[in-house]
Amino acid sequence: MNTSGHAAADARAAAAGLRLRPFRGLRYVPERVGSLAAVTSPPYDVVVRPDGLLHLESADPHNIVRLILPQAITAGTRHRKAAVTLDRWIAEGVLAPDPEPSLYVYEQYGDGILQRGIIGALELTTPDEGVVLPHEDVMPHVVEDRAALMRTTAANLEPLLLTYPGDGDGSATVVERTVEREPLLSTTTEDGFQHRLWSVTDPAELAAVAADLARHQALIADGHHRWATYLRLRDEHPAPGPWNYGLVLLIDTVRYPLRVRAIHRLLNRLPVPDALAALGDAFRVRRLDGPLPAALDALASAAAGGNAFLLAGDGGFHLLDRPDRDLLARTIRTDRPEAWRTLDATVLHSTLLDHVWHIPDTPEEIAYIHDTDAAVEQAERHGGTAVLMHPVREEVVRDLARQGVTMPRKSTSFGPKPATGLVLRSLALD
C-alpha cells in the first residue's frame, strides 16, 4: 500500500474503530460435567494429532472438541453431528445461556505469563476498512470447512485472538476493576494454565469499553480462517443481525504482551535425504547432532543473520542458512516490501517448496504443526521432513499488516491462545 493509501486506511479505522457488543454467553453448567478443565480444549487447529483428539474426547463425554472437531466419515455428517450434539447439550442443561448480555473479562495465567482481555461479539469489517488487520493468507478448504460447521451449528464455538495497542484508558480500567470481583468460573487446565472469567453488564462500564475500543484498530493474532469464515457467512446473511458479528478475545498488548512463536511444516512425502539431495548449492547445510534445544539455539543464532531453517526427521538435525542470493532473486516476487521478501516463510514457500522441492501446499503434502517436539516426532515416525522455523517479531507482523500486506499462511503463532469451551456464542440467542 502507498503512503496515501496507508493514511486513508488509518483514517477509516479512526472513524469506525472496533465495535464490540455484549452477548448472552453459552457456558457449561459445572454440576453437569466432570470439571470445567475436562471439557475445554485448545483451538481447533492446535489439536492436530489423532492421539490428542482421542485424549480430549475421553477426558469428558461433553468435551468441546466434539463440537469443534466432530468425527464422522463425511464433512456434512460431521457438521450435522456437531449441531445435533450442541442442541442436545443445551436441552439436557449441560450448556446454558447467561441471563443477560455481557462482555466477558478473561484471564489466563501460567508459564510466567499473565494475560487479560475482553471477550465479546465484534462487528465484522473487511480488511480494506482498516479496522481489523489480517497478517496471513488463508487456505480456502479450511475456510469452507469452518463455514460449514458454523453455518450448521449457528454458533461461534471459540473466540478469535485479536490484539490492539491500548493507552491505559477505558477498557484497561474496566478490566482491572473487574478482576477484583468474584469470577463466574475458575479452572486450571492440564497444561498448568489458570483460567478465570467474569461478566461485565454494568451500563457505565460497557459504555467505557465501547468508547475506548472505538478509537482502536486490531490485529488478528490467531484465527485468520475463522475471521474469513465470519465474513463469508455475513455475506450469506446480508440483513443486519447476528451474522454481522463474530466472537473474539481482544488483548491490549501494551499491558499484556503475547508470545510470538513459529508454526512448523511437516512435509509428509519428502524424506530428509531427498530434501537434502535436492538442495544443491541453494543453502549452506550443516548437520547438528542435537539435542533439540541445542539445535533450536543454533537456528536462532543463524536466523539473526538471515534466512535459516532446521530440517529434522532422520534422527538428526540439519541447519540450512546462507541462501544463494541469485536463487532468491529469481524465485521471490519483487512487488512486495523488503520485510515481506525476506521473511523465512516467504523464502520457504517461494524458494524451497515451490522451486527446489516442487511440493504443492495441500493437506496431503504439508501439515502445519505448532509444537516443535510433535513436528520432529511425526517426521521421524512417518519418514517425512520437519521444517522447523524461527518466529517473526511482532512489530514486523503489525507493520506489514498496516501496509495491507499479508504474510504466507501459518507464519506465526501468537499465544497463549484462549481455551476453547469457557464461553460460546449461539446466534439463536443474539
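Shown above is the structure to which this text applies.
This one's a predicted model, so the numbers in the text were calculated from it and none came from an experiment. (Residues numbered from 1 in each chain as written. Predicted model: local features only at pLDDT ≥ 70, side-chain atom pairs only at ≥ 80, totals over all residues. Heavy atoms only, no water.)

Trainee: Lay out the overall build of the protein chain with the relevant residues and their values.
Mentor: Along its length, the protein chain carries 16 helices and 21 strands. Its C-alpha atoms give the protein chain a radius of gyration of 22 Å, near enough to 22 Å, the size a compact globule of 430 residues would have. Structurally, the protein chain occupies a C-alpha span of about 65 × 55 × 40 Å along its principal axes. Residues counted as buried form 55% of the 430 residues belonging to the protein chain. For the protein chain, the share of sequence-separated contacts (at least 6 apart) that also reach a separation of at least 24 residues comes to 80%. Counting 44 positive and 57 negative side-chain charges, the protein chain places the centres of these two groups 2 Å from one another. (Helix = DSSP H or I, 4+ residues; strand = E, 2+ residues; numbered from the N terminus. Rg over C-alpha atoms; globule rule 2.2 N^0.38 Å. Buried < 20%, exposed > 50% of the residue type's maximum accessible area, 1.4 Å probe, protein only. Contact = heavy atoms within 4.5 Å. Lys, Arg positive; Asp, Glu negative; His and termini not counted. Charge placed at Lys NZ, Arg CZ, Asp CG, Glu CD.)

Trainee: Can you tell me about the nonpolar core, naming the residues and giving the values?
Mentor: In this structure, Trp227 and Trp357 are the most contacted members of the largest nonpolar core, which totals 112 residues. Of all hydrophobic cores here, the second largest spans 19 residues; its members include Leu288, Ala302, Ala375 and Ala379. (Core = buried A, V, L, I, M, F, W, Y, C linked by side-chain atoms within 4.5 Å.)

Trainee: So, the environment of proline 140: which residues are in play, and what are the values?
Mentor: Along the chain, the position of proline 140 falls in helix H6 (residues 140-153). In the structure, proline 140 is positioned 58 residues away from tryptophan 198 in sequence and 35 Å away in space, judged by C-alpha atoms.

Trainee: Give a description of the sheet that holds strand S21 (residues 424-426) that names residues and reports values.
Mentor: Here 4 strands make up an open sheet; going across it, the order is S3-S2-S21-S7 and the pairing antiparallel. Sheet topology places strand S3 (95-97) and strand S7 (155-156) at the edges, where each strand pairs with a single neighbour. Taken together, the 2 bridges between strand S2 (residues 25-28) and S21 define a ladder with antiparallel strand orientation. Along S21, the bridge assignment pairs glycine 25 with arginine 425. (Pairing = 2+ DSSP bridges.)

Trainee: I'd like a description of the sheet that holds strand S18 (residues 366-369), backed by residues and values.
Mentor: If you trace the 6 strands from one edge of the open sheet to the other, you get S15-S17-S16-S19-S14-S18, paired in antiparallel fashion. Two strands bound the open sheet, and with one partner strand each, they are strand S15 (284-288) and S18. Within this sheet the neighbouring strands show an average axis-to-axis angle of 25°, counted without direction. Bridge count between strand S14 (residues 264-267) and strand S19 (residues 385-388): 3 bridges; the pairing is antiparallel. (Axes fitted to C-alpha atoms, helices over the stretch in contact; angles between N-to-C directions.)

Trainee: Explain the side chain of arginine 116 to me, using residue names and the numbers behind them.
Mentor: Topologically, arginine 116 is positioned in strand S5 (residues 113-123). On the basis of relative accessible area, arginine 116 is assigned to the buried category, the value being 15%. Of the polar contacts made by the side chain of arginine 116, one reaches the side chain of glutamate 107; its length is 2.7 Å. Side-chain polar atoms of arginine 116 contact the side chain of tyrosine 256, separated by 3.2 Å. When residues no more than four places from it in sequence are discounted, the contact partners of arginine 116 are Tyr106, Glu107, Val175, Glu176, Val179, Ile251 and Tyr256. (Polar contact = N/O pair within 3.5 Å; in protein donor to acceptor, adjacent residues only side chain to side chain.)

Trainee: Can you break down helix H14 (residues 344-356) residue by residue, with the values?
Mentor: Compared with the 18 Å implied by 1.5 Å per residue over 13 residues, the 15 Å span of H14 between its first and last C-alpha is markedly short. Across the 13 residues that make up H14, a large majority, 11, are buried. Those residues of H14 that sit buried are Asp344, Ala345, Thr346, Val347, Leu348, His349, Ser350, Thr351, Leu352, Leu353 and Val356. Downstream of H14 by a residue or two, histidine 358 has a phi angle that is positive, lying close to 55°. (Expected span 1.5 Å × (residues − 1).)

Purely spatial values, then, with no claim about function.
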